[in-house]
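# Report on the structure
As a plain string of letters, each chain reads:
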Amino acid sequence: MSTTTTKTGGDAGEGSTRTGTGGATDGRRDGFAVTAGRLLRSPVSAARYAWLCARASSTPRPRDVPFGAGAGVDPDRVLVVGAGPAVGWGVSSHDLALPGRVSRRLARRTGRGSHVAALAEPTHRLPAIRAALDDVFLENWDVVVVALGAADALTLRSTRAWARELDGLVASLLARLRPCARVVVVSAPLVDALSPFGLHPSAAADRHAQLLRDVADEVCSAHARVTHLALPELPPLAQGSRAQEAPVAVQDPTGRLYEQWADALSEHVAPLLHAQRARTDSPQRARSRPQPERVRLDAITASGLEQAEPTAALHDIADRAREAFSTDGAAFDLVLDDHQWAVVSTLGSARAMPLSESFCVTTIRSEEPFVVADAWAEGLDLPRNDIRFYAGWPVHTADGTRIGALCVFDPRPRDASEVPVEKLRGFALDVERELFRLTAA
């Protein structure tokens with residue numbers, strides 16, 4: 001494929017006419033593209049896609065919170081967007097799909113926490129994937145994984161048009177991510193991508209899937225911060241007594257598929273994260289700086305949380321946090337423009353507090369937990385009120401915007417070194433799961 005093909009971007013249609021040197025040759029190529037486009041819109045092509053969509057409508061997919069969290073602090077943030085593996089076809093929970101499995105493997109490989117979210121686009125089409133990203137704030141992500149679907153291989157989509165769309169998607173991502181954030185384009189073997197639907201590809205579709213993988217290699221190699229990962233085909237499970245003795249989760253072909261995908265993806269992404277953290281302009285360092293106030297306020301307004309009544313689940317999270325840390329109080333607070341709003345608090349006191357009295361306004365300035373052993377100690381520029389011990393962890397929206405904090409506090413000072421901050425992160429993640437349920441309802 002020529003450099004012109006990979007650099008064209010995603011806005012030109014299949015039938016566009018190019019000008020400049022070689023115009024006659026380009027015109028013949030575009031004429032062929034128009035003819036190919038008409039063929040691909042034939043009843044056979046439409047039937048293939050309808051066949052896939054019909055099976056997808058009856059195939060299980062996760063409906064729960066679309067992120068997984070690997071244990072640890074200082075978490076890396078990875079967004080998996082697109083079709084196929086990103087959707088979680090064939091399993092009922094994101095914990096069993098890529099977010100959960102990749103987050104756990106990344107945490108083991110890096111020794112840090114991880115946060116892996118999924119933005120699914122179940123139509124399997126590249127333009128739809130790009131459209132799904134239009135309103136997503138991408139600066140909070142270290143790596144964005146684009147998972148490609150099966151529809152373009154099944155319908156024998158024009159490789160030329162597909163290359164333009166993939167190049168346009170990748171270029172759009174790079175323009176909106178942090179300067180050294182990475183993009184990974186993932187292709188799954190067609191036979192494995194279709195297996196959750198109980199479908200098998202034709203020989204022609206399988207050959208076309210390989211062509212698209214080759215195109216993805218070329219497109220990705222044209223961008224310095226983009227790599228292409230072709231996932232390996234799932235090997236058959238050994239027959240006989242070894243298969244019978246294998247755990248049920250391993251005997252399940254869909255479970256084995258996500259296990260293999262997660263292994264390959266975490267092995268590919270972990271070194272990218274390691275290389276990022278060695279740089280002074282890393283996304284991780286940038287993410288730990290204060291975020292724009294307008295972004296935070298817009299996110300709070302969009303969530304509707306300021307007017308929402310606290311749910312029983314949020315009350316339960318606060319109660320469990322207070323008990324776990326043996327403190328007088330625990331709360332989930334939103335940080336607004338001039339005051340802090342307690343969405344839920346175990347103290348049951350006034351729900352609004354000026355920012356001059358707030359500890360949470362400091363918590364949201366970075367990704368780090370904020371722990372104060374004794375707020376009355378000399379030299380600390382902190383509020384002097386009834387709170388002496390405070391520990392808070394930022395609470396995020398789905399795109400990583402910090403909107404408030406889950407915190408525990410007490411009128412007696414404590415030893416900060418004895419505070420289990422990873423446990424505090426767990427309660428903050430519980431709040432984020434509940435917020436997702438509220439906004440998705």
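Above this text you will find the structure in question.
Read on for a plain summary of the structure.

Calculation rules
- Residues numbered from 1 in each chain as written.
- Predicted model: local features only at pLDDT ≥ 70, side-chain atom pairs only at ≥ 80, totals over all residues.
- Heavy atoms only, no water.
- Helix = DSSP H or I, 4+ residues; strand = E, 2+ residues; numbered from the N terminus.
- Buried < 20%, exposed > 50% of the residue type's maximum accessible area, 1.4 Å probe, protein only.
- Contact = heavy atoms within 4.5 Å.
- Salt bridge = Lys/Arg side-chain N within 4 Å of Asp/Glu carboxyl O.
- Polar contact = N/O pair within 3.5 Å; in protein donor to acceptor, adjacent residues only side chain to side chain.
- Pairing = 2+ DSSP bridges.
- Axes fitted to C-alpha atoms, helices over the stretch in contact; angles between N-to-C directions.
- Core = buried A, V, L, I, M, F, W, Y, C linked by side-chain atoms within 4.5 Å.
- Phe/Tyr/Trp six-rings, centres within 6.5 Å; stacked < 30°, edge-to-face > 60°.
- Expected span 1.5 Å × (residues − 1).
- Lys, Arg positive; Asp, Glu negative; His and termini not counted.
- Arc of directions from axis to C-beta.
- Parallel < 35°, antiparallel > 145°, perpendicular 65-115°, else oblique.
- Left-handed = near helix turned anticlockwise from the far one by under 90°.
- Nonpolar A, V, L, I, M, F, W, Y, C, P; charged D, E, K, R; others polar.

This next bit is on the overall build of the chain. Assigned secondary structure in the chain consists of 17 helices and 12 strands. Burial status across the chain gives 52% buried among its 441 residues. Long-range pairs, those at least 24 residues apart, make up 76% of the contacts in the chain with a sequence separation of at least 6.

A few words on unusual backbone geometry. Backbone geometry places D74, a non-glycine residue, at a positive phi of 55°. On the basis of relative accessible area, D74 is assigned to the partly exposed category, the value being 30%. Phi at S326 takes a positive value of approximately 55°, unusual for a residue other than glycine. Among the structural elements, S326 can be located in the loop between α15 (312-325) and β7 (329-335).

This paragraph deals with the pattern of salt bridges. The final tally for this structure, using the stated rule, is 25 salt bridges. We note a salt bridge from R101 to E259, for which the minimum N-O separation is 2.2 Å. Taken together, the positions of R101 in helix α4 (residues 98-110) and E259 in helix α12 (residues 253-277) put the pair 158 residues apart, joining distant regions of the chain. Across the pair R412 and D410 runs a salt bridge, and its minimum N-O distance is 3.1 Å.

You can see H228 is positioned in strand β6 (residues 226-230). Of the residues examined, H228 reaches a relative accessible area of 14% and is grouped as buried. Reaching out from H228, the side chain makes a polar contact with the side chain of S187 at a distance of 2.8 Å. Apart from the residues within four sequence positions on either side, H228 is in contact with V185, S187, R213, A216, D217 and C220.

This part is about the sheet that holds strand β5 (residues 182-187). The strand order across the open sheet built from 6 strands is β1-β3-β2-β4-β5-β6, with neighbouring strands paired in mixed fashion. Edge positions in the sheet fall to β1 (67-70) and β6, since each has one partner strand and no second. Each adjacent strand pair in this sheet contributes to an overall mean axis angle of 20°, direction not counted. Examined bridge by bridge, strand β4 (residues 143-147) and β5 share 5 bridges and lie parallel to one another. The residue bridging V144 from the neighbouring strand is V183, located in β5. The strands touched by α4 within the sheet are β1, β2 (76-82) and β3 (114-120), with β3 carrying the most contacts at an inclination of about 155°.

Buried together is how nonpolar side chains tend to be arranged in soluble globular proteins. Judged by nonpolar contacts, the single largest core of 75 residues is most densely connected at V146, L166, L173 and V185. Among the elements that make up this core, the one with the highest residue count is α12 (10 residues).

If you walk through the whole model with that rule in mind, you get 5 aromatic pairs. Where Y258 meets W261, the ring centres are 5.2 Å apart and the plane angle is 90°; that geometry is what we call edge-to-face. On the criterion of helical spacing, the pair formed by Y258 and W261 is a turn pair, its members being 3 residues apart in helix α12. Each member of the pair Y258 and W261 is classed as buried.

So, on to the sheet that holds strand β11 (residues 389-396). The strand order across the open sheet built from 6 strands is β9-β8-β7-β12-β11-β10, with neighbouring strands paired in antiparallel fashion. A strand with exactly one partner marks an edge of an open sheet, and here the two such strands are β9 (352-354) and β10 (370-372). Strand-to-strand twist in this sheet, taken as the mean axis angle between neighbours without regard to direction, amounts to 25°. Here 6 bridges tie β7 to strand β12 (residues 402-410), and the two strands are oriented antiparallel to one another. What sits directly across from G329, in β12, is F409.

Burial within β12 is extensive, with 9 of its 9 residues counted as buried. Bridging between β11 and β12 involves 8 bridges; their strand directions are antiparallel. Across the sheet, the residue bridging to V395 is G404, located in β12. Linking two consecutive strands that pair antiparallel, namely β11 and β12, is a turn of 5 residues; a positive phi of about 95° is found at G400 within it.

Between the first and last C-alpha of helix α17 (residues 421-440) there are 29 Å, a value that for 20 residues agrees with the 28 Å anticipated at 1.5 Å per step. Along α17, the residues classified as buried are L424, R425, F427, A428, L429, V431, E432, E434 and L435. The inward-facing, buried residues of α17 contact β1, β3, α15, β7, β11 and β12.

Attention shifts here to the side chain of E121. Residue placement: E121 occurs in the loop between β3 and α5 (126-132). Despite its burial, E121 remains without a salt bridge, the nearest opposite charge being carried by R61 at 8.2 Å. Polar side-chain contacts of E121 include one of 2.3 Å to the side chain of T123. Apart from the residues lying within four places of it in its own chain, the contact partners of E121 are G82, A83, V87, A128, I129 and A132.

This part takes up helix α9 (residues 203-221). Across its 19 residues, α9 extends 28 Å between first and last C-alpha, which sits within 8% of the 27 Å expected from 1.5 Å per residue. For α9, every residue scored as buried is listed here: A205, H208, A209, L212, R213, V215, A216, V219 and C220. Burial along α9 is one-sided: seen end-on, the buried residues are contained in an arc of 165°. In α9, the exposed positions angled more than 90 degrees off the buried face are occupied by A203, R207 and S221.

A few words now on the packing of helix α7 (residues 159-176) against α9. It is at 10 Å that the axes of α7 and α9 come closest, and there the two elements cross at 40°. Comparing the axis directions of α7 and α9 gives the class oblique. Handedness of the α7/α9 crossing: right-handed. Facing α7, whose interface residues are T159, W162, A163, L166 and D167, α9 presents H208, L211, L212, V215, A216 and V219. For the contact of α7 with α9, the per-class residue count stands at 8 nonpolar, 2 polar and 1 charged.

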